[in-house]
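Observations on the three-dimensional arrangement
As a plain string of letters, each chain reads:
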Amino acid sequence: MAKKKIAKKTPQKSPSKKKRKLRIAQMHWGYPPIIGGVETHLALMLPEMARYGHEVHLLTGSVEGCKVHYLDRGVHIRRTPLMDLNWLFKRGLHGLEEEIEHRFTQYIQNTRPDVMHVHNMHYFSREHTEILETLCKTKGIPLVLTAHNVWDDVLYLEMAHNIGWDHIIAVSHFIRKELIGIGLPDAKVTTIHHGVDTNVFHPKVDTRRAYRDYPQLRDKQIIFHPARMGMAKGCDVSIKAFNIIHKHFPDAMLVLAGTKNIIDWGSTQQKDIAYFVNLIRYFKLEKRIMVDSYALDQMPGLYGVADVVIYPSTAQEPFGLTMLEAMATAKPMVVTRAGGMPEIISDGINGFVIPPKDFEELAGVIMRLLGDAELRQRFGNTGKRMVDASYTKEVMTQNNIDIYEQLLR
């Protein structure tokens, strides 16, 4: 009698679990049209979270001409003067505790968040952060901080330590090291680098608007310094370096980003700008250095017309999103050996890394790049590949969501 053939059973794959859709509440002092690194970061990440199907809310500062509550690309934006740092600096924080508590309670009741994620609330106002911590503890809501900066003073030290952060995200290994250096537990701090929208910033970006808005840039070798104007951003170093460069490259132009719609805690910005304007006049470079305030949608075109992008910070720059924007558009980048910037720019690989405040060294590497198209292309192509592999908005967003899911588990 023939043996009965027994069919082998193929092991069945267990059905993949659907990702939980989260209610995510965020807080920060600014959001576009306020312009800055954190604001740009949020404008990239929050709509991406909404695109993944999460319910995303942001409480931020009031801006003239903006509604109190509206939808921006799937993100619920709520605005209040109680989160406007420029107003708070002038008015002072004393006596606002009841109003802050009421507004934060209302925000939590309206959003019913699974997680509360705040940005740079380990500084500026003890009142805001302590009230929020108490409300989150009462409701059992995990409280996540992204530290985009660190400061050297008692307020920062106390708020980093005394607030019961469930987890802290550092925007660079430099920031993470600084947080651990003041005694925060290693396991509580995770580095998540910024990301960039490679659909907006790419090598074939449309430059027609840039040339239409600024016809003086045509047929010039453009050095672009995209950081907002301030001493810490090294704008004076750029101007001093350009005073050397233009004598050797008569077709070169330096493009600086003026300041408009920014958070200026301490009102120091205008003093810095006055110094830069006088420095430009002193060197008689008014026709060779262009200063203007650029909207976010103008930036890709300006990177597109640039030959070299520079960010010669004199302070310990926490990260510098402009590095990724330059790399995504395949432009060579020059930065200083300060803060988190050397984590992204490798000297001689995708740009140059120079000592802070060394305007002669800055002039030297810029002139080397202006005179060598092949080197510019090599640095630019390397940077573009790095961005595509590790620094997209998709990678950044998923890394943040992973932190939420770990906390909720």
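Scroll up for the structure.
Description of the structure in this document.

Calculation notes
For every chain, the first residue of the written sequence is number 1, and numbering continues from 1 onward in sequence order. Residues qualify for local features only when their pLDDT is at least 70, as the model is predicted, and side-chain atom pairs are given and counted only at 80 or more; totals for whole chains, interfaces and linings, by contrast, use all residues. Side-chain numbers come from the whole structure's heavy atoms, not from hydrogens or water. Only DSSP runs of H or I covering at least 4 residues are called helices, and only runs of E covering at least 2 are called strands; the numbering of each starts at the N terminus. Only protein chains enter the accessibility calculation, which uses a 1.4 Å probe; a residue whose area is less than 20% of its type maximum is buried, one above 50% is exposed, and one in between is partly exposed. In what follows, residue pairs with any heavy atoms lying within 4.5 Å of each other are defined as contacts. Among buried residues, the Ala, Val, Leu, Ile, Met, Phe, Trp, Tyr and Cys ones that are joined through side-chain atoms within 4.5 Å form a nonpolar core. At least two DSSP bridges between two strands are needed for those strands to be called paired. Every angle, taken between N-to-C directions, lies between 0 and 180 degrees, and every axis is a line fitted to C-alpha atoms, over only the stretch in contact when it is a helix. For patches, a residue must show more than 30% relative accessible area and have no salt bridge; joins then use 9 Å for like charges and 5 Å for nonpolar side chains, namely Val, Leu, Ile, Met, Phe, Trp and Tyr. Reported accessibility uses the Shrake-Rupley method at a 1.4 Å probe radius. Residues are deemed covered only where the shown protein chains occlude them. Salt bridges are identified by distance alone: a Lys or Arg side-chain nitrogen within 4 Å of an Asp or Glu carboxyl oxygen. None of His or the chain ends enter the tally, which takes Lys and Arg as positive and Asp and Glu as negative. Charged side chains are reduced to one point each, which is NZ for Lys, CZ for Arg, CG for Asp and CD for Glu. Note on aromatic pairs: the rings of Phe, Tyr and Trp (six-membered ring only in Trp) are paired at centre separations within 6.5 Å, and the planes decide the class, stacked below 30 degrees, edge-to-face beyond 60, tilted for the rest. We call a crossover right-handed when, viewed with the strands running away from us, the connection from the first strand over the helix to the second turns clockwise. A helix's residues, less one, multiplied by 1.5 Å, set its expected span. What is called the bend at a residue is the angle between a pair of axes, fitted to the seven residues leading up to and ending at it and to the seven starting from it. Counting of polar contacts relies on pairs of N or O atoms within 3.5 Å, with two restrictions inside protein: one atom must be capable of donating a hydrogen and the other of accepting it, and residues adjacent in sequence are counted only when both atoms are side-chain atoms.

With that out of the way, let us pick up the environment of K240. The residue K240 is located in helix α8 (residues 235-248) in this model. Take K240: its relative accessible area is 26%, and that puts it in the partly exposed class. Put simply, K240 and E158 are 82 residues apart on the chain and 39 Å apart in space, counted from C-alpha to C-alpha. Ignoring any residue separated from it by four or fewer positions in sequence, one finds K240 in contact with Y275, L279, F283 and F359.

This part takes up the nonpolar core. Counting 76 residues, the largest nonpolar core has M27, M116 and L132 as the members making the most contacts within it. Listed in part, the 32 residues of the second largest apolar core include A241, F242, I245 and I366.

Let's shift gears to the sheet that holds strand β10 (residues 252-257). An order of β11-β10-β9-β12-β13-β14 is seen for the 6 strands of this open sheet, with the pairing classed as parallel. Strands at the two margins of the open sheet, each flanked by one partner only, are β11 (289-292) and β14 (351-354). The average undirected angle you get between the axes of adjacent strands in this sheet is 20°. By the bridge criterion, 6 bridges tie strand β9 (residues 221-228) to β10 in an arrangement that is parallel. Within the sheet, the bridge partner assigned to F224 lies in β10 and is V255. Lying on the sheet, α8 is in contact with β9, β10, β11 and β12 (308-311); it crosses β10 at an angle near 170°.

For the rest of this paragraph, the subject is a negative patch on the surface. A surface patch of negative charge is lined by E97, E98, E99 and E101. Positionally, E97 belongs in helix α3 (residues 97-111). With a relative accessible area of 33%, E97 lands in the partly exposed category.

Following the criterion strictly, the structure yields 12 aromatic pairs and no others. For the pair F124 and W151, a centre-to-centre distance of 5.6 Å together with 75° between the ring planes defines the contact as edge-to-face. Remark: W151 occurs in the loop between β6 (143-147) and α5 (154-162) and F124 occurs in the loop between β5 (115-119) and α4 (126-139); sequence separation between them is 27 residues. For F124, a relative accessible area of 14% corresponds to the buried category. With a centroid separation of 6.5 Å and 75° between ring planes, the pair formed by F224 and Y294 is classed as edge-to-face. Of this pair, F224 sits in strand β9 while Y294 sits in the loop between β11 and α10 (299-305), placing them 70 residues apart in sequence.

What follows concerns the sheet that holds strand β7 (residues 167-170). The mixed open sheet is built from 8 strands, whose spatial order is β3-β4-β2-β1-β5-β6-β7-β8. Each having just a single partner strand, β3 (69-72) and β8 (189-191) make up the two edges of the open sheet. Across this sheet, the average inter-strand angle for adjacent strands is 25°, counted without regard to direction. Bridging between strand β1 (residues 23-27) and β5 involves 4 bridges; their strand directions are parallel. Counterpart to Q26 in the pairing with β5 is H117. Here helix α6 (residues 173-181) sits on the sheet in contact with β6, β7 and β8, set at roughly 165° to β8. Contacting β1, β5, β6, β7 and β8, helix α14 (residues 393-408) runs over the sheet at an angle of about 165° to β7.

A separate point is the pairing of β1. β1 sits mainly inside the fold: 4 of its 5 residues count as buried. A crossover connection joins β1 to the parallel strand β2 (residues 55-61) through helix α1 (residues 37-51); in handedness this β-α-β unit is right-handed.

Helix length check: α8, at 14 residues, gives a terminal C-alpha distance of 20 Å against a target of 20 Å (1.5 Å per residue), a fit within 8%. Residue F242 marks the point of greatest curvature in α8, where the axis turns by about 30°. The buried fraction of α8 amounts to 10 of the 14 residues, a majority that puts the element mostly inside the structure. Along α8, the residues that are buried comprise C235, D236, V237, S238, I239, A241, F242, N243, I245 and H246.

This part takes up the side chain of D307. Note on placement: D307 falls in the loop between α10 and β12. Of the buried charged residues, D307 lacks a salt bridge, with R376 as the closest side chain of opposite charge at 4.1 Å. Looking at D307, its side chain comes within polar contact range of the main-chain nitrogen of I222, at 2.8 Å. The contact partners of D307, leaving out residues within four places of it in the chain, are K220, Q221, I222, P332, L370 and R376.

In short, the description is geometric, and any link to function would need to be established separately.
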